[in-house]
Amino acid sequence: MRKACLAAVLAALPALAQGQEPAQVPAILQTNAAAAASAGAAGPAPSDGANATAAAQVSAGTVPAGSGKGADASTAANRAAAKQAANTVPAGMPPPIQLLSPSAPLNAKEKQGIALAHRWASAPYMPHADADGVIRFPYGATLPTVVCAPLQVCDLALQPGEVVHDITLGDKVRWKVLPGLSGSPAGQVTHLIIKPADAGLMSSMMVQTDRRTYAVKLVSARVQWMPLIAFSYPDDMQDQWSAYRTTVGLPAAGVGVGFGTSGINAGNLDFGFRLSGDAPGWRPLRVYSDGSKTYIQFPRPVAFGSAPALVGLSNDGGWFSSPSKMMVNYRILGDRYVVDRVLDRAELVSGVGSGQDRVLITRDGAR
């Protein structure tokens, strides 16, 4: 009976072995087992004393040349096991995902259009500051840029009476533009309140109104920001002359220095004048001529007490002598000087002594 039970247990052992999951052997044990197997295949295992001696020789770098094939096989097995363990290390981070597809190829005409757009956007027409801190960009002369910062508010004011039809943002998620109004109903001013969500952003904005379209570049910095922004418009001069004619009761054609109905075509004006010298707050925005008169436009209306003096300069002078100065007949109308002739060279002077500010006006083509 005892022999029958033992035989039944022995017969069931293979089935039990097949139903069990294989044991998980640590990698280091697998490495040691592989090394031991290689060493066993090469020859009998050395004694503990031989192992110690071999380890000392390896550490000291004095392994004998004829140490035998068993050591070489063991070293090769260890290297193979280490290489296999290294291959099991998970790979690094996945490569970055390209959010945008590659640019489309451009032909010569398209490249020319890009170059012209870049030339307009980078035109060297600088903004100027009004006395109330408003930063004004000349409309249409270049691409204006609004720099704002997180937790700050930038106010872009449009022309009085101008109404916004639509606003398109390049990044509607991280830039917010809210409307605002100021002034009386007769001359209400629309304000665009601009706020970025983070620093280091760069986008653009298109604003369509009942008068014009604005293209504005948006940039966010950490701490730098422009609180108040506005534009200076070429048609402001026409509006001022229209108001002047209405005030003095002159007919539309009675004044020959305006635009529109005054008989002067704005396309015939000559803006070929260069400004150089100092950069005071009253430095002119532009100088132009209609062929008989010269107009010098300042950032703001000129007060008689603080207005710079205008003197004409002759074409004489040289390295060691200054040009001769001439009296110039001019009058002040709002924010500009009106000179009764075309200037070739002139100078605006303000202040006395070492604190003088001088701005030189030179017409292109003049000596």
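Definitions and limits used
- The numbers attached to residues start from 1 for each chain and follow its sequence in the written order.
- A pLDDT threshold of at least 70 governs which residues receive local features in this predicted model, and a stricter bar of 80 or more applies before side-chain atom pairs are shown or counted, although totals over entire chains, interfaces and linings include all residues.
- Only hydrogens and water are set aside when side-chain values are computed; all heavy atoms of the structure are taken into account.
- Per the convention used, a helix needs a DSSP run of H or I reaching at least four residues, while a strand needs a run of E reaching at least two, with both numbered from the N terminus.
- We call two residues contacting when some pair of their heavy atoms lies within 4.5 Å.
- Patches were defined on residues exceeding 30% relative accessible area and lacking a salt bridge, with like-charge contacts within 9 Å and nonpolar side-chain contacts (Val, Leu, Ile, Met, Phe, Trp, Tyr) within 5 Å.
- Per-residue and other accessible areas were derived by the Shrake-Rupley procedure at a 1.4 Å probe size, with only the shown protein chains allowed to occlude residues.
- A pairing counts as a salt bridge when a side-chain nitrogen of Lys or Arg comes within 4 Å of a carboxyl oxygen of Asp or Glu.
- When a residue's accessible area, from a 1.4 Å probe over protein chains only, is under 20% of the maximum for its type it is buried; when over 50% it is exposed; and in between it is partly exposed.
- The predictor attaches a confidence to each residue, called pLDDT, with possible values from 0 through 100.

## Some thoughts on the overall build of the chain
Part 1 of the reasoning: Scanning the chain for helices and strands turns up six helices and 19 strands.
Part 2 of the reasoning: Pairs at least 24 residues apart make up 58% of the contacts formed inside the chain by residues separated by at least 6 positions.

## Notes on a nonpolar patch on the surface
Part 1 of the reasoning: A surface patch of nonpolar side chains, amounting to about 450 Å² of accessible area, comprises Ile-97, Leu-99 and Leu-100.
Part 2 of the reasoning: As for its placement among the helices and strands, Ile-97 is situated in the loop between α4 (69-87) and α5 (108-121).

## Topic: the pattern of salt bridges
Part 1 of the reasoning: Considering all chains together, one arrives at eight salt bridges under this definition.
Part 2 of the reasoning: A salt bridge links Arg-136 to Asp-130, with the nearest nitrogen and oxygen atoms 2.4 Å apart.
Part 3 of the reasoning: Between Asp-171 and Arg-174 there is a salt bridge, and its shortest N-O distance comes to 2.8 Å.
Part 4 of the reasoning: The exposure class assigned to Asp-171 is buried, which follows from its relative accessible area of 14%.
Part 5 of the reasoning: Its relative accessible area of 43% is what places Arg-174 among the partly exposed residues.

## What to know about the confidence of the model for the chain
Part 1 of the reasoning: Per-residue pLDDT for the chain has a mean of 76; in total, 64% of the residues score no lower than 70.
Part 2 of the reasoning: Note that pLDDT drops below 50 for residues 39-67; the model gives that stretch seven contacts with residues more than four away or on any other chain.

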